[in-house]
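Structural overview for review
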Amino acid sequence: RPVYRAKKRPLAPATINRRLAALKSLVKLGGTLGIVAWRLEVDPVKAAKYRDTAGPGKDGYQAMLAAARKRTDAKGRRDLAIIRLLFDVALRRGEVVGLDMEHVDRKRPAVLVLGKGRTERERVSLPKPTMADLEAWIAARGERAGPLFVSLDPGSNGQRLTGEAVRRIVAALAKAAGLGKVRPHGMRHGAITAVLDATGGDLRKAARFSRHKQVQTLTIYDDNRLDLGGECAALIAGD
């Protein structure tokens, strides 16, 4: 009989850890149901955090905005509003797709976001241009209650947009803008780095903007932004 050989391909640590977590949960369920009498004890793979904090940069983001504005239909308005929220206020893609119409404050422009590790929504103020593009999407979407960002595919029946769909939207706009690979979280990274540039490295302001629980995390962005390691190397490098 034919022998099938799986192709070896490198997996990101986060992907490996997600799969390990799924296997552990399955084995745990099996133990609860009395199907298995053993446990899966595997340590997660260590991953380097925040290796690339530059994101597309301000120029790259402007190019993505221009690419999004080429479409004036509902999809163009939706995609423009999404990348606005990803960069202008550094929302995570899960925070974006988790928004409902009721979470938009149109009188005092803001969105109520359920942040990572939070149990209550927090208010995130929106700049005027961001709110204007969000209003343009709402005008195309309609005022009905429910998910703020919905699929526009025929037959989707206004289903909530998924995080994977947001990833594809960002990737497509980055490609249209002539950029390399850009991820939704890369947009957030780029926004935080841009804030540090604009504020002269004010970690307190950047932490308020990014909503990180630990200000210490922002030092990684700041160190990468300034390339302090490269600066020190230049100081001691020989001729």
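Residues numbered from 1 in each chain as written. Predicted model: local features only at pLDDT ≥ 70, side-chain atom pairs only at ≥ 80, totals over all residues. Heavy atoms only, no water.

1. Points about the overall build of the chain
Counting its secondary structure elements, the chain contains ten helices and three strands. Listing the helices and strands of the chain from first to last along the sequence gives α-α-α-α-β-β-β-α-α-α-α-α-α. Sequence separation of 24 or more characterises 57% of the internal contacts of the chain that already satisfy a separation of 6 or more. Carbon together with sulfur atoms contributes 54% to the accessible area of the chain, which is approximately 15300 Å² in total. (Helix = DSSP H or I, 4+ residues; strand = E, 2+ residues; numbered from the N terminus. Contact = heavy atoms within 4.5 Å. Areas by Shrake-Rupley, 256 points an atom, 1.4 Å probe, with all protein chains shown as cover.)

2. Some details on a positive patch on the surface
Judged by side-chain charge, Arg 18, Arg 19, Arg 93, Lys 181 and Arg 183 come together as a positively charged surface patch. On the secondary structure map, Arg 93 appears in helix α4 (residues 93–97). The class of Arg 93 is partly exposed, set by a relative accessible area of 34%. (Patch = residues over 30% accessible without salt bridge, like charges linked within 9 Å, V, L, I, M, F, W, Y side chains within 5 Å. Salt bridge = Lys/Arg side-chain N within 4 Å of Asp/Glu carboxyl O. Lys, Arg positive; Asp, Glu negative; His and termini not counted. Charge placed at Lys NZ, Arg CZ, Asp CG, Glu CD. Buried < 20%, exposed > 50% of the residue type's maximum accessible area, 1.4 Å probe, protein only.)

3. Notes on unusual backbone geometry
In this structure, Ala 90 is a non-glycine residue whose phi angle is positive, near 55°. Residue Asn 157 is not a glycine yet carries a positive backbone phi of 60°. Mapping Asn 157 onto the fold places it in the loop between α5 (128–141) and α6 (163–176).

4. What to know about a nonpolar patch on the surface
A cluster of nonpolar side chains, Leu 29, Leu 33 and Ile 35, forms an exposed patch at the surface whose accessible area comes to about 330 Å². Tracing the backbone through its elements, the reader meets Leu 29 in helix α1 (residues 13–32). Classification of Leu 29 by relative accessible area gives partly exposed; the value is 47%.

5. Topic: the environment of Arg 84
Residue position: Arg 84 is located in helix α3 (residues 74–88). As for Arg 84 and Thr 130, which are separated by 46 residues in sequence, their C-alpha atoms are 5.8 Å apart. Aside from chain neighbours lying at most four places away, what touches Arg 84 is Tyr 61, Leu 65, Arg 69, Val 89, Pro 129, Thr 130 and Asp 133.

6. Quick look at α6
Spanning 14 residues, α6 covers 20 Å between terminal C-alpha atoms, matching the ideal 20 Å at 1.5 Å per step. Listed in full, the buried residues belonging to α6 are Ala 165, Val 166, Ile 169, Val 170, Leu 173 and Ala 174. Among the structural elements, α2 (57–69), α3, α4 and α7 (184–198) are those in contact with the buried residues of α6. Once α6 finishes, Gly 178 follows within two positions and takes phi at roughly 80°, a positive value. (Expected span 1.5 Å × (residues − 1).)

7. Looking at the environment of Phe 209
Summarising the element assignment, Phe 209 is placed in helix α8 (residues 203–210). Residues Phe 209 and Ser 125 lie 84 residues apart in sequence; the distance between their C-alpha atoms is 9.8 Å. In this view, Phe 209 contacts Phe 87, Asp 88, Val 89, Ala 90, Ala 191, Ile 192 and Val 195; residues no more than four positions away in its chain are not counted.

8. Description of the nonpolar core
Ile 83, Val 111, Leu 134, Leu 148, Phe 149 and Met 187 are the most contacted members of the largest nonpolar core, which has 42 residues in total. For this core, the secondary-structure elements that each account for two or more residues are α2, α3, α4, β2 (110–113), α5, α6 and α7. In terms of residue count, the dominant contributor to this core is α3 (seven residues). Filtering out sequence-adjacent residues up to four positions away, Val 111 remains in contact with Leu 91, Leu 99, His 103, Val 104, Glu 122, Arg 123, Val 124, Leu 126 and Leu 134. The next biggest cluster of nonpolar side chains, apart from the first, holds seven residues, and it includes Ile 192, Val 195, Ala 206 and Tyr 221. (Core = buried A, V, L, I, M, F, W, Y, C linked by side-chain atoms within 4.5 Å.)

9. Focus on the pairing of β2
Note on strand geometry: in a regular strand, side chains alternate between the two faces of the sheet. Across two bridges, the pairing between strand β1 (residues 104–105) and β2 is antiparallel. Counterpart to Val 104 in the pairing with β2 is Val 111. Counting the residues that bridge the hairpin from β1 to β2 gives four residues. Bridge analysis of β2 against strand β3 (residues 122–125) gives four bridges, and the strand direction is antiparallel. Within β3, the position partnered with Ala 110 by the bridge is Ser 125. (Pairing = 2+ DSSP bridges.)

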